[in-house]
Amino acid sequence: MEDDSTRAFQAGMTALIVRIPEAEPAVGRWRERLDPSARAGVPAHVTVLFPFLHESRTDALVHSALADVLGSRRAFDLRFERCGRLPDVLHLVPEPDTQLRQLTEAIAGHWPEAPPYGGRFADIVPHLTIAQGQEDAVMAEIEADLSGELPFTSRVSSVELIVHDGTTWRERASFALGE
């Protein structure tokens, strides 16, 4: 979830994420210092859709539709072997990323009023953010530090709906992918 600061997160915002707990030992300390979403309580993750619907709209019908859309997709494995860069963002690259893109497309297709990243970017680029807004030297230091921590694999079997309460992000619901 790319934002300039925790102030960009407003109460009632929601997001759909895939938790990547296997990444925490490698990136946790960097994220805590250099990723505003980590400071706001978001674990290591790959964003599926941000922002999603306002919390006030995420009723039982939305939960049921999410369960249907996500339950029709199979669980899958991701491998993280390298870092990548977007403008002002250092991230881990999930491979293959096809199923992540398909999750985003399926949900955004069901809720066209919630385009990925508010429609700010033309392409969906699945990634696990490590740091934002740092000088190249800092990014290079992090990449060098992470070289000994990679590769690792993560099983994706659910998508979490998280909600910002004005201070932190909290899990609201979890939707299982099919096996």
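These notes cover the structure that comes with them. Since we're looking at a predicted model, the values are computed, not measured.

Here we come to the sheet that holds strand β6 (residues 152-156). Taken in spatial order, the 4 strands make up an open sheet running β5-β4-β3-β6, and their pairing is antiparallel. This sheet does not close on itself; its edge strands, each paired only once, are β5 (128-132) and β6. Here the strands of the sheet are splayed against their neighbours by 35 degrees on average, with no regard to which way each runs. In this fold helix α5 (residues 136-146) packs onto β3 (76-86), β4 (89-95) and β5, with an angle of close to 150 degrees to the strand it touches most, β3.

Let us look at the packing of helix α1 (residues 24-34) against α5. Remark: α1 packs on α5, axes separated minimally by 10 Å, with the N-to-C direction vectors making an angle of 160 degrees. By the angle between their directions, the pair α1 and α5 is classed as roughly antiparallel. Along this stretch, α1 crosses α5, giving a crossing that reads as right-handed. Contacts between α1 and α5 involve Ala26, Val27, Arg29, Trp30 and Leu34 from the first element and Val138, Glu141, Ile142, Asp145 and Leu146 from the second. When its residues are assigned to classes, the contact of α1 with α5 shows 7 nonpolar, no polar and 3 charged.

Right, let's talk about the packing of helix α3 (residues 60-71) against helix α4 (residues 98-110) for a bit. Interhelical geometry of α3 versus α4 gives an angle of 145 degrees and a closest axis separation of 10 Å. Along this stretch, α3 crosses α4, giving a crossing that reads as right-handed. Counting all contacts with α3, which are made through Ala65, Leu66, Val69 and Leu70, the residues of α4 involved are Leu103, Ala106, Ile107 and His110.

Quick look at the nonpolar core now. Grouped together as the largest cluster of nonpolar side chains are 47 residues, with contacts concentrated most on Phe52, Leu92 and Ile107. If sequence neighbours within four positions are ignored, Ile107 has contacts with Leu16, Val48, Leu49, Phe52, Leu66, Val69 and Leu70. By size, the runner-up hydrophobic cluster in this structure holds 10 residues, among which are Ala15, Ile17, Phe50 and Tyr117.

Here His45 shows up in strand β2 (residues 45-49). Residue classification places His45 among the buried positions, given a relative accessible area of 2%. Reaching out from His45, the side chain makes a polar contact with the backbone oxygen of Pro43 at a distance of 2.8 Å. Reaching out from His45, the side chain makes a polar contact with the side chain of Thr47 at a distance of 3.2 Å.

Turning next to the pattern of salt bridges. Summed over all chains, the structure comprises 13 salt bridges. Glu55 serves as the salt-bridge partner of Arg172, at 2.8 Å between the closest nitrogen and oxygen. Pair noted here: Arg172 is in strand β8 (residues 169-176) and Glu55 is in the loop between β2 and α3, with a separation of 117 residues, a long-range link. For Glu55, a relative accessible area of 27% corresponds to the partly exposed category. One salt bridge connects Arg85 with Glu143, and the closest N-O pair in it is separated by 2.5 Å. Here Arg85 is found in strand β3, whereas its partner Glu143 is found in helix α5, with 58 residues between them in sequence.

The element β4 is largely enclosed, with a buried count of 6 among its 7 residues. Two strands pair when backbone bridges link them, and β3 and β4 are joined in this way by 6 bridges, in the antiparallel orientation. Among the inter-strand pairings, Arg79 is bridged to a residue of β4, identified as Glu95. Counting the residues between successive antiparallel strands, the hairpin from β3 to β4 contains 2 residues, one of them, Asp88, with a positive phi of roughly 65 degrees.

We now examine α5. Those residues of α5 lying buried are Met139, Ile142 and Leu146. Mapping the buried residues of α5 onto a view down its axis gives an arc of 60 degrees, with all of them on the same face. Of the residues in α5, the exposed ones pointing more than 90 degrees away from the buried face are Asp136, Ala137 and Ala144. On its buried face, α5 is in contact with α1, β3, β4 and β5.

Reading the values: the criteria
- Residues numbered from 1 in each chain as written.
- Predicted model: local features only at pLDDT ≥ 70, side-chain atom pairs only at ≥ 80, totals over all residues.
- Heavy atoms only, no water.
- Pairing = 2+ DSSP bridges.
- Helix = DSSP H or I, 4+ residues; strand = E, 2+ residues; numbered from the N terminus.
- Axes fitted to C-alpha atoms, helices over the stretch in contact; angles between N-to-C directions.
- Contact = heavy atoms within 4.5 Å.
- Parallel < 35°, antiparallel > 145°, perpendicular 65-115°, else oblique.
- Left-handed = near helix turned anticlockwise from the far one by under 90°.
- Nonpolar A, V, L, I, M, F, W, Y, C, P; charged D, E, K, R; others polar.
- Core = buried A, V, L, I, M, F, W, Y, C linked by side-chain atoms within 4.5 Å.
- Buried < 20%, exposed > 50% of the residue type's maximum accessible area, 1.4 Å probe, protein only.
- Polar contact = N/O pair within 3.5 Å; in protein donor to acceptor, adjacent residues only side chain to side chain.
- Salt bridge = Lys/Arg side-chain N within 4 Å of Asp/Glu carboxyl O.
- Arc of directions from axis to C-beta.

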